[in-house]
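# Structural features, examined
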Amino acid sequence: MVYYVFPLFIICFVFHGAACRLIGCYECCMRCLGGVPYCSLVATLLCFSGIALFCGCGHQALTETERLIETYFARNLQDYITLAYIIQYFQYVIYGLASFFFLYCIVLLAEGFYTTSAARQTFGEFRSTMCGRCLSSSFIVMTYVLAVLWLLVFAFSALPVYFFYNMDAPCHTIDILTETPASINQLCVDARQYGLLPWNAVPGKACGMTLSSVCKTREYRMTYDLYIAAFAGAGITLLALLTYTMSTTYNFAVLRYLGRKGIGARC
(Lines give C-alpha, C1' and ligand atoms only; values in the text may rest on other atoms or scores of the structure.)
Protein backbone atom coordinates (compact mmCIF):
# COMPACT_ATOMS: atom_id res chain seq x y z
CA MET A 1 0.00 0.00 0.00
CA VAL A 2 2.93 2.33 0.72
CA TYR A 3 4.14 1.99 -2.86
CA TYR A 4 0.86 3.41 -4.15
CA VAL A 5 0.47 6.18 -1.58
CA PHE A 6 3.99 7.58 -1.87
CA PRO A 7 3.65 8.62 -5.57
CA LEU A 8 0.40 10.35 -4.69
CA PHE A 9 2.25 12.43 -2.11
CA ILE A 10 4.71 13.41 -4.84
CA ILE A 11 1.87 14.44 -7.16
CA CYS A 12 0.26 16.42 -4.39
CA PHE A 13 3.51 18.19 -3.62
CA VAL A 14 4.00 19.16 -7.27
CA PHE A 15 0.48 20.47 -7.81
CA HIS A 16 -0.02 22.00 -4.38
CA GLY A 17 3.42 23.21 -3.32
CA ALA A 18 2.25 26.77 -2.71
CA ALA A 19 -0.71 25.66 -0.61
CA CYS A 20 1.52 23.31 1.42
CA ARG A 21 3.69 26.22 2.51
CA LEU A 22 0.62 28.08 3.77
CA ILE A 23 -1.36 25.43 5.66
CA GLY A 24 1.25 22.76 6.31
CA CYS A 25 2.49 19.89 4.19
CA TYR A 26 0.72 17.09 6.09
CA GLU A 27 -2.71 18.70 6.04
CA CYS A 28 -2.32 19.67 2.40
CA CYS A 29 -1.28 16.19 1.35
CA MET A 30 -4.13 14.59 3.29
CA ARG A 31 -6.56 16.93 1.54
CA CYS A 32 -4.97 16.09 -1.78
CA LEU A 33 -5.22 12.34 -1.17
CA GLY A 34 -8.88 12.85 -0.33
CA GLY A 35 -9.41 14.29 -3.82
CA VAL A 36 -7.50 11.64 -5.79
CA PRO A 37 -9.49 10.24 -8.76
CA TYR A 38 -9.33 6.64 -7.58
CA CYS A 39 -11.43 5.21 -10.42
CA SER A 40 -9.18 6.80 -13.02
CA LEU A 41 -6.08 5.75 -11.05
CA VAL A 42 -7.18 2.11 -10.86
CA ALA A 43 -8.10 2.15 -14.54
CA THR A 44 -4.68 3.59 -15.40
CA LEU A 45 -2.87 0.87 -13.44
CA LEU A 46 -5.02 -1.79 -15.10
CA CYS A 47 -4.46 -0.29 -18.55
CA PHE A 48 -0.68 -0.10 -18.11
CA SER A 49 -0.55 -3.69 -16.85
CA GLY A 50 -2.83 -5.02 -19.60
CA ILE A 51 -1.06 -3.22 -22.42
CA ALA A 52 2.34 -4.31 -21.11
CA LEU A 53 1.19 -7.95 -21.08
CA PHE A 54 -0.56 -7.77 -24.43
CA CYS A 55 2.16 -5.93 -26.32
CA GLY A 56 5.19 -7.54 -24.71
CA CYS A 57 3.96 -11.13 -24.71
CA GLY A 58 2.17 -10.74 -28.04
CA HIS A 59 5.28 -9.42 -29.78
CA GLN A 60 7.45 -12.29 -28.53
CA ALA A 61 4.75 -14.87 -29.23
CA LEU A 62 4.52 -13.76 -32.86
CA THR A 63 8.29 -14.10 -33.21
CA GLU A 64 8.24 -17.63 -31.76
CA THR A 65 5.29 -18.58 -33.98
CA GLU A 66 7.23 -17.62 -37.08
CA ARG A 67 10.14 -19.73 -35.87
CA LEU A 68 7.91 -22.76 -35.24
CA ILE A 69 6.25 -22.52 -38.65
CA GLU A 70 9.59 -22.12 -40.37
CA THR A 71 11.17 -25.07 -38.56
CA TYR A 72 8.42 -27.69 -38.46
CA PHE A 73 5.61 -26.83 -40.90
CA ALA A 74 7.21 -25.31 -44.01
CA ARG A 75 10.33 -26.14 -46.00
CA ASN A 76 10.07 -23.49 -48.70
CA LEU A 77 10.43 -19.81 -47.88
CA GLN A 78 7.65 -18.91 -50.32
CA ASP A 79 5.19 -21.00 -48.29
CA TYR A 80 5.39 -18.79 -45.20
CA ILE A 81 6.68 -15.48 -46.57
CA THR A 82 3.16 -14.01 -46.45
CA LEU A 83 2.76 -15.10 -42.85
CA ALA A 84 6.13 -13.53 -42.03
CA TYR A 85 5.02 -10.20 -43.50
CA ILE A 86 1.74 -10.33 -41.55
CA ILE A 87 3.60 -11.05 -38.32
CA GLN A 88 5.96 -8.16 -38.96
CA TYR A 89 3.01 -5.86 -39.65
CA PHE A 90 1.29 -6.84 -36.39
CA GLN A 91 4.51 -6.25 -34.47
CA TYR A 92 4.63 -2.68 -35.79
CA VAL A 93 0.98 -2.25 -34.79
CA ILE A 94 1.90 -3.40 -31.28
CA TYR A 95 4.51 -0.63 -31.04
CA GLY A 96 1.89 1.95 -31.97
CA LEU A 97 -0.68 0.55 -29.54
CA ALA A 98 1.76 0.69 -26.63
CA SER A 99 2.63 4.33 -27.33
CA PHE A 100 -0.97 5.41 -27.92
CA PHE A 101 -2.42 3.81 -24.79
CA PHE A 102 0.38 5.15 -22.63
CA LEU A 103 -0.36 8.73 -23.70
CA TYR A 104 -4.14 8.31 -23.68
CA CYS A 105 -4.17 6.86 -20.16
CA ILE A 106 -2.06 9.75 -18.90
CA VAL A 107 -4.51 12.23 -20.47
CA LEU A 108 -7.53 10.49 -18.92
CA LEU A 109 -5.82 10.38 -15.52
CA ALA A 110 -5.04 14.09 -15.75
CA GLU A 111 -8.65 14.79 -16.72
CA GLY A 112 -9.76 12.85 -13.65
CA PHE A 113 -7.47 14.87 -11.37
CA TYR A 114 -8.70 18.22 -12.64
CA THR A 115 -12.36 17.36 -12.10
CA THR A 116 -11.92 16.63 -8.39
CA SER A 117 -12.28 18.86 -5.42
CA ALA A 118 -8.49 19.05 -5.03
CA ALA A 119 -8.15 21.03 -8.25
CA ARG A 120 -11.04 23.32 -7.33
CA GLN A 121 -9.59 24.06 -3.89
CA THR A 122 -6.22 24.93 -5.42
CA PHE A 123 -7.28 27.09 -8.34
CA GLY A 124 -10.26 28.77 -6.71
CA GLU A 125 -13.96 28.61 -7.48
CA PHE A 126 -14.71 26.11 -10.20
CA ARG A 127 -16.38 27.33 -13.36
CA SER A 128 -17.69 24.85 -15.89
CA THR A 129 -17.13 26.12 -19.44
CA MET A 130 -18.46 24.97 -22.78
CA CYS A 131 -14.93 23.94 -23.77
CA GLY A 132 -14.55 21.83 -20.63
CA ARG A 133 -17.88 20.07 -21.15
CA CYS A 134 -17.07 19.49 -24.83
CA LEU A 135 -13.67 18.03 -23.94
CA SER A 136 -15.14 15.75 -21.30
CA SER A 137 -17.87 14.51 -23.65
CA SER A 138 -15.21 13.88 -26.30
CA PHE A 139 -13.36 11.65 -23.86
CA ILE A 140 -16.57 9.70 -23.24
CA VAL A 141 -17.11 9.06 -26.96
CA MET A 142 -13.46 8.22 -27.65
CA THR A 143 -13.22 5.83 -24.70
CA TYR A 144 -16.46 4.10 -25.63
CA VAL A 145 -15.29 3.64 -29.25
CA LEU A 146 -11.95 2.32 -28.02
CA ALA A 147 -13.72 -0.14 -25.73
CA VAL A 148 -15.81 -1.48 -28.62
CA LEU A 149 -12.76 -1.77 -30.89
CA TRP A 150 -10.72 -3.40 -28.16
CA LEU A 151 -13.49 -5.95 -27.66
CA LEU A 152 -12.71 -7.10 -31.21
CA VAL A 153 -9.00 -7.22 -30.37
CA PHE A 154 -9.83 -9.28 -27.28
CA ALA A 155 -11.79 -11.76 -29.40
CA PHE A 156 -9.05 -11.86 -32.04
CA SER A 157 -6.37 -12.58 -29.42
CA ALA A 158 -8.28 -15.73 -28.47
CA LEU A 159 -7.63 -17.29 -31.92
CA PRO A 160 -3.96 -18.26 -31.37
CA VAL A 161 -4.87 -19.59 -27.92
CA TYR A 162 -7.53 -21.74 -29.59
CA PHE A 163 -5.00 -22.99 -32.15
CA PHE A 164 -2.44 -23.99 -29.52
CA TYR A 165 -5.15 -25.53 -27.37
CA ASN A 166 -6.17 -27.76 -30.28
CA MET A 167 -2.51 -28.57 -30.84
CA ASP A 168 -2.00 -29.41 -27.19
CA ALA A 169 -4.77 -32.05 -27.25
CA PRO A 170 -2.99 -34.44 -29.68
CA CYS A 171 0.28 -33.72 -27.87
CA HIS A 172 -1.27 -34.98 -24.67
CA THR A 173 -2.71 -38.00 -26.50
CA ILE A 174 0.69 -38.86 -27.97
CA ASP A 175 2.18 -38.95 -24.49
CA ILE A 176 -0.44 -41.52 -23.51
CA LEU A 177 -0.10 -43.69 -26.67
CA THR A 178 3.67 -43.94 -26.76
CA GLU A 179 3.49 -47.74 -26.74
CA THR A 180 1.45 -47.94 -29.97
CA PRO A 181 3.34 -46.16 -32.77
CA ALA A 182 0.69 -46.99 -35.37
CA SER A 183 -1.88 -44.97 -33.50
CA ILE A 184 0.55 -42.13 -32.94
CA ASN A 185 1.16 -41.65 -36.67
CA GLN A 186 -2.52 -40.90 -37.19
CA LEU A 187 -2.40 -37.88 -34.90
CA CYS A 188 -1.58 -34.70 -36.81
CA VAL A 189 -1.75 -30.92 -36.53
CA ASP A 190 -2.27 -29.20 -39.88
CA ALA A 191 -1.32 -25.51 -39.91
CA ARG A 192 -2.99 -25.12 -43.31
CA GLN A 193 -6.43 -25.69 -41.77
CA TYR A 194 -6.04 -22.52 -39.72
CA GLY A 195 -4.97 -20.36 -42.64
CA LEU A 196 -1.38 -20.04 -41.44
CA LEU A 197 -0.02 -21.62 -44.62
CA PRO A 198 -1.31 -22.09 -48.18
CA TRP A 199 -2.78 -25.50 -49.06
CA ASN A 200 0.17 -26.36 -51.31
CA ALA A 201 2.69 -25.86 -48.48
CA VAL A 202 4.97 -28.83 -47.77
CA PRO A 203 4.69 -30.54 -45.35
CA GLY A 204 2.15 -28.14 -43.84
CA LYS A 205 1.48 -30.48 -40.95
CA ALA A 206 3.25 -32.42 -38.22
CA CYS A 207 2.29 -35.98 -37.36
CA GLY A 208 3.33 -38.77 -35.03
CA MET A 209 6.77 -38.55 -33.52
CA THR A 210 7.45 -35.27 -35.35
CA LEU A 211 4.50 -33.71 -33.59
CA SER A 212 5.67 -35.23 -30.32
CA SER A 213 9.08 -33.62 -30.73
CA VAL A 214 7.43 -30.26 -31.49
CA CYS A 215 5.31 -30.49 -28.36
CA LYS A 216 8.36 -31.14 -26.22
CA THR A 217 10.33 -28.13 -27.44
CA ARG A 218 10.81 -25.10 -25.24
CA GLU A 219 9.64 -22.82 -28.07
CA TYR A 220 6.23 -24.50 -28.23
CA ARG A 221 5.51 -24.30 -24.50
CA MET A 222 6.79 -20.74 -24.26
CA THR A 223 4.74 -19.60 -27.27
CA TYR A 224 1.59 -21.17 -25.83
CA ASP A 225 2.14 -19.44 -22.47
CA LEU A 226 2.90 -16.12 -24.16
CA TYR A 227 -0.36 -16.20 -26.12
CA ILE A 228 -2.29 -16.97 -22.93
CA ALA A 229 -0.59 -14.02 -21.21
CA ALA A 230 -1.35 -11.74 -24.19
CA PHE A 231 -5.00 -12.85 -24.10
CA ALA A 232 -5.16 -12.07 -20.38
CA GLY A 233 -3.55 -8.68 -21.03
CA ALA A 234 -6.19 -7.89 -23.65
CA GLY A 235 -8.89 -8.74 -21.11
CA ILE A 236 -7.32 -6.52 -18.45
CA THR A 237 -7.10 -3.65 -20.95
CA LEU A 238 -10.76 -4.11 -21.86
CA LEU A 239 -11.68 -3.93 -18.17
CA ALA A 240 -9.61 -0.75 -17.85
CA LEU A 241 -11.39 0.86 -20.80
CA LEU A 242 -14.80 0.02 -19.33
CA THR A 243 -13.68 1.57 -16.04
CA TYR A 244 -12.50 4.64 -17.92
CA THR A 245 -15.88 4.86 -19.64
CA MET A 246 -17.68 4.96 -16.30
CA SER A 247 -15.13 7.39 -14.88
CA THR A 248 -15.27 9.86 -17.77
CA THR A 249 -19.08 9.71 -17.79
CA TYR A 250 -19.13 10.58 -14.11
CA ASN A 251 -16.57 13.33 -14.64
CA PHE A 252 -18.81 14.86 -17.30
CA ALA A 253 -21.68 14.87 -14.81
CA VAL A 254 -19.33 16.47 -12.27
CA LEU A 255 -18.51 19.29 -14.70
CA ARG A 256 -22.18 20.12 -15.14
CA TYR A 257 -22.95 19.81 -11.44
CA LEU A 258 -19.99 21.89 -10.29
CA GLY A 259 -20.86 24.56 -12.79
CA ARG A 260 -24.17 25.05 -10.97
CA LYS A 261 -23.35 24.28 -7.34
CA GLY A 262 -19.60 24.78 -7.02
CA ILE A 263 -19.21 21.51 -5.06
CA GLY A 264 -16.20 19.23 -5.56
CA ALA A 265 -16.45 15.49 -6.16
CA ARG A 266 -14.22 12.51 -6.69
CA CYS A 267 -13.97 9.88 -9.40
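Each value, and the rule that gives it
Residues numbered from 1 in each chain as written. Predicted model: local features only at pLDDT ≥ 70, side-chain atom pairs only at ≥ 80, totals over all residues. Heavy atoms only, no water. UniProt positions renumbered as here; feature names shortened; annotations may be inferred. Axes fitted to C-alpha atoms, helices over the stretch in contact; angles between N-to-C directions. Helix = DSSP H or I, 4+ residues; strand = E, 2+ residues; numbered from the N terminus. Parallel < 35°, antiparallel > 145°, perpendicular 65-115°, else oblique. Nonpolar A, V, L, I, M, F, W, Y, C, P; charged D, E, K, R; others polar. Disulfide = S-S within 2.5 Å. Buried < 20%, exposed > 50% of the residue type's maximum accessible area, 1.4 Å probe, protein only. Contact = heavy atoms within 4.5 Å. Phe/Tyr/Trp six-rings, centres within 6.5 Å; stacked < 30°, edge-to-face > 60°. Expected span 1.5 Å × (residues − 1). Patch = residues over 30% accessible without salt bridge, like charges linked within 9 Å, V, L, I, M, F, W, Y side chains within 5 Å. Areas by Shrake-Rupley, 256 points an atom, 1.4 Å probe, with all protein chains shown as cover. Salt bridge = Lys/Arg side-chain N within 4 Å of Asp/Glu carboxyl O. Polar contact = N/O pair within 3.5 Å; in protein donor to acceptor, adjacent residues only side chain to side chain.

By the naming in an unreviewed UniProt entry, the protein chain goes by Proteolipid protein 1a and is assigned to Neolamprologus brichardi. Reading the Sequence similarities (unreviewed entry) entry of the UniProt record for the protein chain gives the comment "Belongs to the myelin proteolipid protein family." Annotation of the protein chain in UniProt includes, under Subcellular location (unreviewed entry), the sentence "Membrane".

Right, let's get into the packing of helix H4 (residues 38-73) against helix H5 (residues 77-113). A pair of packed helices is captured by two measures, namely the crossing angle of their axes and the spacing between those axes. One can describe the packing of H4 onto H5 by two numbers: an axis separation of 10 Å at closest approach and a directional angle of 170 degrees. The angle between H4 and H5 falls in the class roughly antiparallel. Along the lines of polarity and charge, the residues of the contact of H4 with H5 split into 23 nonpolar, seven polar and two charged.

Time to look at the state of the cysteines. By definition, a disulfide links the sulfur atoms of two cysteines through a covalent bond. With the rule as written, the count across this model stands at two disulfides. Between the sulfur of cysteine 171 and that of cysteine 215 lies a disulfide, 1.5 Å long from S to S. For the disulfide bridge between cysteine 171 and cysteine 215, the dihedral angle about the S-S bond is near -45 degrees, and by the sign convention the bridge is left-handed. With cysteine 171 in helix H8 (residues 158-176) and cysteine 215 in helix H10 (residues 208-215), this residue pair connects regions lying 44 residues apart in the sequence. We note that cysteine 171, like cysteine 215, is buried. Cysteine 188 shares a disulfide with cysteine 207; S-S distance 1.9 Å.

Viewed as axis vectors pointing N to C, H8 and H10 meet at an angle of 110 degrees, and their least axial separation amounts to 9 Å. Between H8 and H10, the angle is such that the two are roughly perpendicular. Where H8 abuts H10, its residues Met167, Pro170, Cys171 and Ile174 lie against Gly208, Leu211, Ser212, Val214 and Cys215. Partitioning the contact of H8 with H10 into residue classes produces seven nonpolar, two polar and no charged.

Using the criterion set out here, one finds 15 aromatic pairs in the structure. Ring geometry for tyrosine 89 and phenylalanine 90: centres 5.8 Å apart, planes at 65 degrees, overall edge-to-face. The exposed category is assigned to tyrosine 89, whose relative accessible area is 55%. The class of phenylalanine 90 is partly exposed, set by a relative accessible area of 32%. Judged by centre distance (6.0 Å) and plane angle (70 degrees), the rings of tyrosine 92 and tyrosine 95 are edge-to-face. Of this pair, tyrosine 92 and tyrosine 95 both sit in helix H5, three residues apart, which is roughly one turn of the helix. Taking relative accessible area as the criterion, tyrosine 92 reaches 54% and is therefore assigned exposed. Since its relative accessible area comes to 46%, tyrosine 95 is described here as partly exposed. An aromatic cluster of at least three residues, connected via ring pairs, comprises Phe163, Phe164, Tyr194, Tyr220, Tyr224 and Tyr227.

Next up on the list: H8. Between its terminal C-alpha atoms H8 stretches 27 Å, which fits the 27 Å expected from 19 residues at 1.5 Å a residue. Considered for burial, the residues of H8 that qualify are Pro160, Val161, Phe163, Phe164, Met167, Pro170, Cys171 and Ile174.

A word on a nonpolar patch on the surface. Among the surface-exposed residues, Ile86, Tyr89, Phe90, Val93, Phe156 and Leu159 lie close enough to one another that they form a single nonpolar patch of about 570 Å² accessible area. Here phenylalanine 156 shows up in helix H7 (residues 130-156).

Relative to the helices and strands, serine 99 is located in helix H5. Separated by 48 residues in the primary sequence, serine 99 and isoleucine 51 place their C-alpha atoms 9.7 Å from one another. A polar contact is formed between the side chain of serine 99 and the backbone oxygen of tyrosine 95, at a distance of 3.2 Å.

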